[in-house]
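# Chain and residue survey
Letter by letter, the chains look like this.
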Amino acid sequence: MSRAHKIIFFNQKGGVGKTTTCVNLGSWLAEMNYKVLLVDFDAQTNLTGAVSGDGRKANIYQVVVGEKKVEDAIQKTVFKNLYLIPGSVDTAGLAVELVNEEDREFYLKEALNPISGDFDFILLDCPPSLGLETMNALAWADYVIIPLQCEYLAMEGLNLLMRTVSNVRRSLNPELKIMGIVFTMFNKRGLLNQDVVDDVSGYFPELVFKTIIPRSVRLAEAPSHGMPINIYDRSNTGSKAYQALAKEVIARA
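To keep things clear, this report deals only with the structure shown in the data block. The structure presented is a predicted model; accordingly, all values stated were derived computationally and were not measured.

Counting across every chain of the model gives three aromatic pairs. Seen from their ring centres, Tyr83 and Phe119 are 5.6 Å apart, and the 70 degrees between their planes marks the pair as edge-to-face. Of this pair, Tyr83 sits in strand S4 (residues 82-85) while Phe119 is found in the loop between helix H6 (107-112) and strand S5 (121-125), placing the two residues 36 residues apart along the sequence. For the pair formed by Tyr83 and Phe119, the shared burial category is buried. The aromatic ring of Phe119 is capped on one face by Lys35, whose charged end is 4.9 Å from the ring centroid. Stacked on the ring of Phe209, the Lys or Arg Arg252 has its end atom at 4.2 Å from the ring centre.

This paragraph deals with unusual backbone geometry. With a phi close to 70 degrees, Asn81 is a non-glycine residue in the positive phi region. Relative to the helices and strands, Asn81 resides in the loop between strand S3 (75-76) and S4. For Asn81, a relative accessible area of 17% puts it in the buried group. The backbone phi angle of Asp103 is positive, close to 50 degrees, even though this residue is not glycine. You can see Asp103 is positioned in the loop between helix H5 (94-98) and H6.

This next bit is on the nonpolar core. One finds Ile8, Ile60, Ile85, Leu108, Leu124 and Val200 to be the most contacted residues of the largest nonpolar core, which totals 53 residues. With residues near it in sequence (within four places) discarded, Ile8 still touches Leu124, Cys126, Ala137, Leu138, Trp140, Ala141, Tyr143, Val144 and Ile145. Residues Val23, Leu29, Val51 and Ile213 belong to the second largest nonpolar core, which totals 33 residues.

This brings us to the pairing of S4. By the alternation rule, side chains of S4 split into Leu82 and Leu84 and Tyr83 and Ile85, which are all buried. Two strands pair when backbone bridges link them, and strand S2 (residues 36-40) and S4 are joined in this way by four bridges, in the parallel orientation. Looking at the pairing, Val36 lines up with Leu82 of S4. Direction of pairing for S3 relative to S4: antiparallel, over a ladder of two bridges. By the bridge assignment for S4, Gln75 is matched with Leu84. In sequence, S3 turns back onto S4 through a hairpin of five residues, with Asn81 there showing a positive phi of about 70 degrees.

Negative charge collects at one region of the surface, where Glu101, Glu102, Asp103 and Glu110 lie side by side. Along the chain, the position of Glu101 falls in the loop between H5 and H6.

What follows deals with the packing of helix H1 (residues 18-31) against helix H13 (residues 237-252). Close contact between H1 and H13 brings their axes to 9 Å; oriented N to C, the two are set at 75 degrees. On the basis of their axis angle, the class for H1 and H13 is roughly perpendicular. From H1, Thr20, Thr21, Asn24, Leu25, Trp28 and Leu29 reach across to H13, where they touch Ser239, Tyr242, Gln243, Leu245, Ala246, Val249 and Ile250. Of the residues belonging to the contact of H1 with H13, the class tally is eight nonpolar, five polar and no charged.

Moving on, we come to the sheet that holds S5. Strands sit in the order S3-S4-S2-S5-S1-S6-S7 across an open sheet of seven strands; the sheet is mixed. A single partner strand is all that each edge strand has here, and the edge strands are S3 and strand S7 (177-184). Relative to S7, strand S6 (residues 143-149) is paired through seven bridges, and the arrangement is parallel. The residue of S7 that forms the bridge with Leu148 is Phe183. Sheet strands in contact with helix H10 (residues 191-203) are S6 and S7, and its direction is about 165 degrees off that of S7. Each of strand S1 (5-9), S5, S6 and S7 is contacted by H13, which is oriented at about 170 degrees to S7, the strand it contacts most.

Right, let's get into the environment of Val51. By secondary structure assignment, the location of Val51 is in the loop between helix H2 (46-50) and helix H3 (60-64). We classify Val51 as buried; its relative accessible area is 2%. Val51 sits 171 residues away from Ala222 along the chain, and the two C-alpha atoms are 9.5 Å apart. Ignoring anything within four residues of it in the chain, the contact list for Val51 reads Val23, Leu38, Thr77, Phe79, Leu82, Leu84, Gly226 and Pro228.

What counts, and at which threshold
- Residues numbered from 1 in each chain as written.
- Predicted model: local features only at pLDDT ≥ 70, side-chain atom pairs only at ≥ 80, totals over all residues.
- Heavy atoms only, no water.
- Phe/Tyr/Trp six-rings, centres within 6.5 Å; stacked < 30°, edge-to-face > 60°.
- Helix = DSSP H or I, 4+ residues; strand = E, 2+ residues; numbered from the N terminus.
- Buried < 20%, exposed > 50% of the residue type's maximum accessible area, 1.4 Å probe, protein only.
- Lys NZ or Arg CZ within 6 Å of the ring centre and 35° of its normal.
- Core = buried A, V, L, I, M, F, W, Y, C linked by side-chain atoms within 4.5 Å.
- Contact = heavy atoms within 4.5 Å.
- Pairing = 2+ DSSP bridges.
- Patch = residues over 30% accessible without salt bridge, like charges linked within 9 Å, V, L, I, M, F, W, Y side chains within 5 Å.
- Areas by Shrake-Rupley, 256 points an atom, 1.4 Å probe, with all protein chains shown as cover.
- Salt bridge = Lys/Arg side-chain N within 4 Å of Asp/Glu carboxyl O.
- Lys, Arg positive; Asp, Glu negative; His and termini not counted.
- Charge placed at Lys NZ, Arg CZ, Asp CG, Glu CD.
- Axes fitted to C-alpha atoms, helices over the stretch in contact; angles between N-to-C directions.
- Parallel < 35°, antiparallel > 145°, perpendicular 65-115°, else oblique.
- Nonpolar A, V, L, I, M, F, W, Y, C, P; charged D, E, K, R; others polar.

No statement about biological role is implied by the geometric values presented.
Shown next as structure tokens:
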């Protein structure tokens, strides 16, 4: 079997739609008959709750530190073709635990290597920081998707993100590519929103996804019900946007 496409959702700013994009893109890919694994690598564990996962069993922290085998941490969700490795609040302590270890940036890669042929896509939700957990994710991934909220504060961090990816490519993972920038929480009535889209598209025309994710109450509600948006409210504009994004990701992968 061919190796999975390994994609991380990365932005050092919180609240930009990383988890929302990870779960809903993953769910649409699963609906398109790809076998998809979601990995919750954020200590807030929001991704785990968004698909009704159970983090009390084996979780990603236990896998990375070697307490559990990765195969034992994979849960089948109630959604067809969609699997999960749950998150843990303990992940927040990884940086301290691994600080003196050799090759500390490669613990995640070693942990997930045995299953890279078992899925079509492995999607990993990063914490909103540039800490050791995120470095592990960048060292493991094939692709980075950058969710970008349509506001200037979010845009200002974009150059730092690009520099970080370049540095990782030089030092840890020469294969790493930026798959694309996806605009999130877009309000078509906000002039500033369109300005941000135009500015970033002007600077990075090759990287920007055509699909723009709208601001949507239903998108925000879905995780509290433990469902991806294509299950919770299929006809919602956010659901249709993630369906379109899934098609773009398949084309780029």
